[in-house]
Amino acid sequence: MCGIFGYVGSPGASNTILTGLKRLEYRGYDSWGIAVKHNGSIDMTKQVGAIGDIDLSNKLNRACIGIGHTRWATHGGTTVNNAHPHIATDGSFVLAQNGIVENYQHLKAEFEKKGYSFVSETDTEVIVRLIEDTLKTTRDLTTAVREAFLTLTGRNTIIVLSADSDRIIAVRNGSPLVVGIGDDEFFFSSDTLSFADKTSSAVLLENHEMVKFDNGKLTFVNVMTGKAFDPQIQTLDHTTTTIDKEGYDHYMLKEIVEQRDTIREAVQYDESEFAPLVNAIHNAKSVYTVGAGTAGFAAGQIAYFLRTVASVNAVELKSYETLGFENHFAKGDVLIAVSQSGETADTIEAVEKAKSKGVAIASIVNMMGSSLIRLSDHAFLTRSGPEICVASTKAYTAQLSWGLVLAFASAGKFKDGVSVINRVSKQISGYFTDELFSRIKGIASGICSNEHFFVLGKGQHYYTALEGALKIKEITYKHVEGFAAGELKHGVIALIEKGTPVFVIVGDDEHRADMYTVAAEVKSRGAYVIGVADRTSTLFDDMIPSFPGGIADPAVKIIGFQLLSYFLGVALGNNVDKPRNLAKSVTVK
Ligand code: M6R
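Everything numeric here is computed off the predicted structure, so don't read it as measured data.

## So, the packing of helix H12 (residues 414-431) against helix H16 (residues 553-571)
Working step 1: Look at H12 against H16: their axes get within 11 Å of each other, and the N-to-C directions meet at 20°. Compared by their axis directions, H12 and H16 come out roughly parallel. Crossing angle aside, the handedness with which H12 passes H16 is right-handed. When H12 is examined against H16, the residues Val424, Ile428 and Tyr431 are found in contact with a partner set consisting of Ala555, Val556, Ile559 and Gly560.
Working step 2: Grouping the amino acids of the contact of H12 with H16 by side-chain chemistry returns 6 nonpolar, 1 polar and no charged.

## Re empty space enclosed by the protein
Working step 1: This model, assessed by the stated rule, comprises 3 cavities of 30 Å³ or more.
Working step 2: Forming the boundary of the largest cavity are 16 residues, of which Cys2, Trp72, Thr74, His84 and Gly99 lie nearest the centre.
Working step 3: Broken down by element, the lining of the largest cavity gets its largest block of residues, 3 residues, from strand S6 (residues 93-99).
Working step 4: When grouped by side-chain class, the residues that make up the lining of the largest cavity number 5 nonpolar, 9 polar and 2 charged.

## Topic: the packing of aromatic side chains
Working step 1: One pass over the full model with this rule turns up 25 aromatic pairs.
Working step 2: Arranged with centres 5.4 Å apart and planes meeting at 45°, the rings of Tyr7 and Phe187 form a pair that is tilted. Note that Tyr7 is positioned in strand S1 (residues 3-8) and Phe187 in strand S10 (residues 186-189), a separation of 180 residues in sequence. Phe187 shares its class with Tyr7; the two are buried.
Working step 3: Ring centres 5.1 Å apart and planes at 25° place the aromatic pair Phe274 and Phe380 in the stacked group.

## Concerning the site of the ligand
Working step 1: Looking at the ligand, there are 14 residues lining it, with Ser339, Gln340, Ser341, Thr344 and Glu474 nearest.
Working step 2: One nitrogen or oxygen atom from the main chain of Thr294 is found 3.1 Å from an oxygen atom belonging to the ligand.
Working step 3: The contact in question runs from an oxygen atom of the ligand to an N or O atom on the side chain of Ser339, over 2.6 Å.
Working step 4: Contact with the protein chains removes 91% of the 410 Å² of surface that the ligand exposes when unbound.
Working step 5: Taken together, the elements giving at least two residues each to the shell around the ligand come down to helix H8 (293-310) and helix H14 (462-476).

## Quick word on the side chain of Ser546
Working step 1: Along the chain, Ser546 falls in the loop between strand S25 (542-545) and H16.
Working step 2: One polar contact links Ser546 to Lys557, side chain to side chain, over a distance of 3.4 Å.

## Details of the environment of Asn450
Working step 1: Counting through the fold element by element, Asn450 comes out in the loop between helix H13 (434-447) and strand S21 (452-457).
Working step 2: The partly exposed category is assigned to Asn450, whose relative accessible area is 22%.
Working step 3: In this structure the C-alpha to C-alpha distance between Asn450 and Asp184, which are 266 residues apart in sequence, comes to 56 Å.
Working step 4: Asn450 has contacts with Lys478, Gly499 and Pro501, leaving out every residue within four places of it along the chain.
Working step 5: Polar contacts involving the side chain of Asn450 include one to the main-chain carbonyl oxygen of Gly499, which spans 3.3 Å.

## Considerations on the domain arrangement of the chain
Working step 1: Looking at the assigned domains, one finds that the chain contains domain 1 (3-235), domain 2 (246-431) and domain 3 (433-577).
Working step 2: With 36 residues of domain 2 at the contact, the number on the domain 3 side is 34 residues.
Working step 3: Interface area for domain 2 against domain 3, summed over the two sides, is near 2900 Å², with a carbon-plus-sulfur share of 68%.
Working step 4: Our count for the contact surface shared by domain 2 and domain 3 stands at 0 salt bridges.
Working step 5: Viewed at the interface, domain 3 and domain 2 are joined by 14 residue pairs in polar contact (both at pLDDT 80 or more).

## Topic: unusual backbone geometry
Working step 1: Each neighbour pair has its own omega, and for His84 with Pro85 the value is -5°, a cis peptide bond.
Working step 2: Within the secondary structure, Pro85 sits in the loop between strand S4 (65-71) and strand S5 (86-87).

What counts, and at which threshold
- Residues numbered from 1 in each chain as written.
- Predicted model: local features only at pLDDT ≥ 70, side-chain atom pairs only at ≥ 80, totals over all residues.
- Heavy atoms only, no water.
- Axes fitted to C-alpha atoms, helices over the stretch in contact; angles between N-to-C directions.
- Helix = DSSP H or I, 4+ residues; strand = E, 2+ residues; numbered from the N terminus.
- Parallel < 35°, antiparallel > 145°, perpendicular 65-115°, else oblique.
- Left-handed = near helix turned anticlockwise from the far one by under 90°.
- Contact = heavy atoms within 4.5 Å.
- Nonpolar A, V, L, I, M, F, W, Y, C, P; charged D, E, K, R; others polar.
- 1 Å grid on protein atoms, 1.4 Å probe; cavity = no way out; pocket = protein on both sides within 12 Å on 5 of 7 lines; lining within 4 Å.
- Points joined across faces, edges and corners; volume = space filled by probe spheres on them.
- Phe/Tyr/Trp six-rings, centres within 6.5 Å; stacked < 30°, edge-to-face > 60°.
- Buried < 20%, exposed > 50% of the residue type's maximum accessible area, 1.4 Å probe, protein only.
- Near = heavy atom within 4 Å.
- Polar contact = N/O pair within 3.5 Å; in protein donor to acceptor, adjacent residues only side chain to side chain.
- Areas by Shrake-Rupley, 256 points an atom, 1.4 Å probe, with all protein chains shown as cover.
- Domains from an automatic or database assignment.
- Buried area = accessible area lost by both parts, 1.4 Å probe.
- Salt bridge = Lys/Arg side-chain N within 4 Å of Asp/Glu carboxyl O.

Pasting the structure below:
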């Protein structure tokens, strides 16, 4: 979702900002813009679509300060006019925003009455007019930004560049904001990855904190109190911040293959590090898991592991559907939040609600220093390295592997959990063969002209069916539904017709016979049955071969779906790393 990048330092700011924006591309965007300040005026470049290979070094290559933005449209279509930054009527400053101004309609109507005009359809421009209006009385840009910011409702992070002096002001609420501190240069960004090649020192701002660069110096202020504070400078771990396809055609395939290591990395914890969370789980009246999208399915699977391995009565909640549970949240309960980015607005909101009721928050997150980590009483990192492909693959299996070990630890069998993961990790290493890839490519080319697909799973593979279907949807734009196999006869079977591809997940578990029955039932209605299984069966027209992963099988069987999605997406000519309409980090509701 939207990304902010500001820079102050040496000449060539335009290209430095472009490079920073490219490193934010993975978040998803549909238009972009940059504004640099030179000789007392602001020069802007805005475009719809991807940044591509544009070089701005001939244009204002002497500028040393500027801001940029990648926009994922919320209010107003994908147009150059709606792209950020937005400029003040008198050209005295420009502004870019991540988030949504929830009271923008009210504010816009007020300013229209006052005679202000709007050139875009965005909620962002309302902030610009608000600052302009406040400037009339305050006469100082920093004060006006602060006062305007306090008028906004919703989660908003903004960055402002002044035209008349070398000044950048940025304020955080909701969407992340980090400041990279280099040698005589500073970076203001939505994440640390964007400047990880330039500096390893950074300040991670909290909500309602403001940073100002003015007169060659940085100042940090709490916007609520107006008081300056000394920031905590953190040192980033660069080993996990490299962004490189490493010879693969796409990040998606690279990240799928990386699972041979990442599922093991996610459980590199001592038993003592799990102990406080295990203790909280044992003492809790209710244990909830929460997430959205793929992370939501991982949350469901983790609740399943806790129930089946440790007899913990864990309940899965969807981040965006917690309203009915709010009255039940109570001190002593535990909520486990699952997220790759740690910045998903729906998940953060659910966590904040629970936290306000005294619920202990645990999280399993991939991005260091993210909001969720900072909201957590028990924070764990998946340590999967950057997941650049918008569709989540290695983060999902890492979340599952961590959740499985948590369940084992909760049952007093931490070491057994780690052994299961170590074994499966070794098996996954041998799973990625040219033979497997050709087989799945063959299946993809046979079904890529179909428009409707169904995925059926049961028990431990209920969430595999949901996540498998989501993966194919995201990369192929086809209609794919994942169902509990038990639902089949209660309605879904009406959709099966001659040639409909139906994926039947058969694990090495107590549901094997039921899944064969399901395969037979859809086959007798003409379905093209593709088994996702460890054993062949005459019921299958084709098969994605796998190996038995035992209790960790959900982290194994999903890999077949990830590879199928990838090869289908490539066969269809889709942009597999950046599927249409999707954003990696969903920082708005
Ligand atoms: O960063 P998060 O894991 O919290 O993101 C949650 C979802 O937006 C995310 O899993 C989404 O569903 C992915 N596109 C799945 O591939």
